[in-house]
Amino acid sequence: MLILRTFTRFYSSVCHFKPVSHVIFDIDGLLLRTEDIYYKADATMVAKYGKEYTWDLRMRVLGCTEQMSVHKIVSELKLPISEERYRAEVKELLRKMLPEATLMPGAEKLIRHLSASKVPIAVATSSGMESVELKTTNHKELFKLFHHIVAASSDSTIKQGKPAPDVFLACASRFADKPDPAECLVFEDAPNGVTAAVNAKMQVVLVPEDYVPEEDRKRATLVVESLLEFRPELFGLPAFTI
């Protein structure tokens, strides 16, 4: 694993990485700044019942499907409502909040560069397609550049969410030329997503929040502080020209 701290560092460890031909992105916390929105919605919900949405619980639901996230929150906090009711009420909050999502630094530049370079790109998210539509409300043009989007929470073919590899394997299989998983590079922000990519036999670039422990970063192929630091040529992809 290589950790990049500055733009000027010379990448002497290129040999650690294998060339890839396809790229798969997570959305939440990686392309779009949505994690604070989800946190606020869940914290608001559990506070109604006198409970606290702790950072420890939040870390354990990051990257999970919507169904699994709700199950963990309701069961672990022993909320006096059904999972169905919790999910419905949170959805109402998110319908108002998710369209406010903004792009993470470097996301648009990298997406447009890979698309212009004819590198096949796709999205593999734990969210459902309804949530994807909401959070990309102000970014429709950019997201049209992806070959496809796999939304695990509303995709009946995805049997298990992250950290299982299902969503990434399904995403790879839906590219027109059906690449081998080893030919795919994943971008993630959460430990569960990193584990899912590793389980899918894919290389994975982690762009973690500051609160992600060092121990949870070790399984990533590469760790960068921002997408602005990523250099495509490390994985045999076309380099930025500017």
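Criteria and thresholds
Once a new chain begins, its residue numbering starts again from 1 and follows that chain's sequence as written. Reporting in this predicted model follows two pLDDT cut-offs: at least 70 for local features of residues, and 80 or more for side-chain atom pairs to be given and counted; totals over whole chains, interfaces and linings ignore these cut-offs and use all residues. Here the side-chain values reflect all heavy atoms present in the structure, with hydrogen atoms and water set aside. Secondary structure is summarised from DSSP: a helix means a run of H or I of at least four residues, a strand means a run of E of at least two, and numbering begins at the N terminus for each. For the radius of gyration, the atoms used are the C-alpha atoms, and the globule rule reads 2.2 Å times the number of residues raised to 0.38. Exposure classes here rest on a 1.4 Å probe applied to the protein chains alone. A residue is buried below 20% of its type maximum, exposed above 50%, and partly exposed in between. By convention in these notes, a salt bridge is any Lys or Arg side-chain nitrogen within 4 Å of a carboxyl oxygen on Asp or Glu. Each pair of aromatic rings taken from Phe, Tyr and Trp, with Trp reduced to its six-membered ring, is defined by centres within 6.5 Å and is described as stacked if the planes are under 30 degrees apart, edge-to-face if over 60, and tilted in the remaining cases. By this definition, two strands are paired if DSSP reports at least two bridges between them. The span one expects for a helix is its residue count, reduced by one, times 1.5 Å. Contact definition: two residues touch when any of their heavy atoms are within 4.5 Å.

Caption draft 1: Molecular detail of the overall build of the protein chain. Across its full length, the protein chain holds nine helices and nine strands. For a compact globule of 242 residues, the expected C-alpha radius of gyration is about 18 Å, and the protein chain comes in at 18 Å, within 12% of that figure. Along the first, second and third principal axes, the C-alpha atoms of the protein chain reach 55 × 35 × 30 Å. Split into buried and exposed, the 242 residues of the protein chain put 53% on the buried side.

Caption draft 2: Structural view of helix α9 (residues 191-199). Looking at α9, one finds that the buried residues are P191, N192, G193, V194, A196 and A197. Of the residues flanking the end of α9, it is K201, one or two places downstream, whose phi is positive at about 65°.

Caption draft 3: Representation of the pattern of salt bridges. On inspection of all chains with the given rule, the structure shows 17 salt bridges. Across the pair R174 and D155 runs a salt bridge, and its minimum N-O distance is 2.8 Å. Here D155 lies in the loop between β6 (149-151) and α8 (166-173) and R174 lies in the loop between α8 and β7 (184-188), a separation of 19 residues in the sequence. Shared partners join several salt bridges into a network, and the residues in it are K91, E92, R95 and E130.

Caption draft 4: The packing of aromatic side chains, seen in detail. The tally for this structure, following the rule as stated, stands at eight aromatic pairs. An angle of 15° between the planes, with centres 5.0 Å apart, marks the rings of F25 and F187 as stacked. Residue F25 is located in strand β2 (residues 22-25), and its partner F187 is located in strand β7; the two are separated by 162 residues in the primary sequence. Accessibility assignment for this pair places F25 and F187 in one class, buried. Ring centres of F187 and F230 lie 4.9 Å apart, and the angle between their planes is 85°; on these two criteria the pair is classed as edge-to-face. Pair noted here: F187 is in strand β7 and F230 is in the segment after β9 (222-224), with a separation of 43 residues, a long-range link. Residue F230 is classed as buried on the basis of its relative accessible area of 1%.

Caption draft 5: Representation of the pairing of β7. With five of five residues buried, β7 lies mostly within the body of the structure. Burial of β7 is two-sided: the residues C184, V186 and E188 facing one way and the residues L185 and F187 facing the other way are all buried. Judged from the four bridges that link them, β2 and β7 form a sheet pairing that is parallel. Across the sheet, H22 pairs through a bridge with C184, a residue of β7. Bridge analysis of β7 against strand β8 (residues 203-206) gives four bridges, and the strand direction is parallel. Among the inter-strand pairings, E188 is bridged to a residue of β8, identified as L206.

Caption draft 6: Region of interest: helix α4 (residues 83-97). In this model, α4 (15 residues) spans 21 Å end to end at C-alpha, consistent with the 21 Å of a helix rising 1.5 Å per residue. Of the surrounding secondary structure, the elements contacted by the buried residues of α4 are α1 (35-47), α3 (66-76) and α6 (129-135).

Caption draft 7: Structural context of the environment of K91. Positionally, K91 belongs in helix α4. Taking the relative accessible area as the measure of exposure, K91 reaches 27% and is therefore partly exposed. Along the primary structure K91 and H113 are separated by 22 residues, whereas in three dimensions their C-alpha atoms are 34 Å apart. With residues near it in sequence (within four places) discarded, K91 still touches E66 and E130.

Caption draft 8: Region of interest: the environment of V23. Looking at where V23 falls in the secondary structure, it is placed in strand β2. Distance in space between the C-alpha atoms of V23 and F146 is 9.9 Å, their sequence separation being 123 residues. Beyond its immediate stretch of four places on either side in the chain, V23 contacts L114, V119, P120, I121, A122, F175, L185, F187 and L237.

On their own, these measurements won't tell you what the molecule is for.
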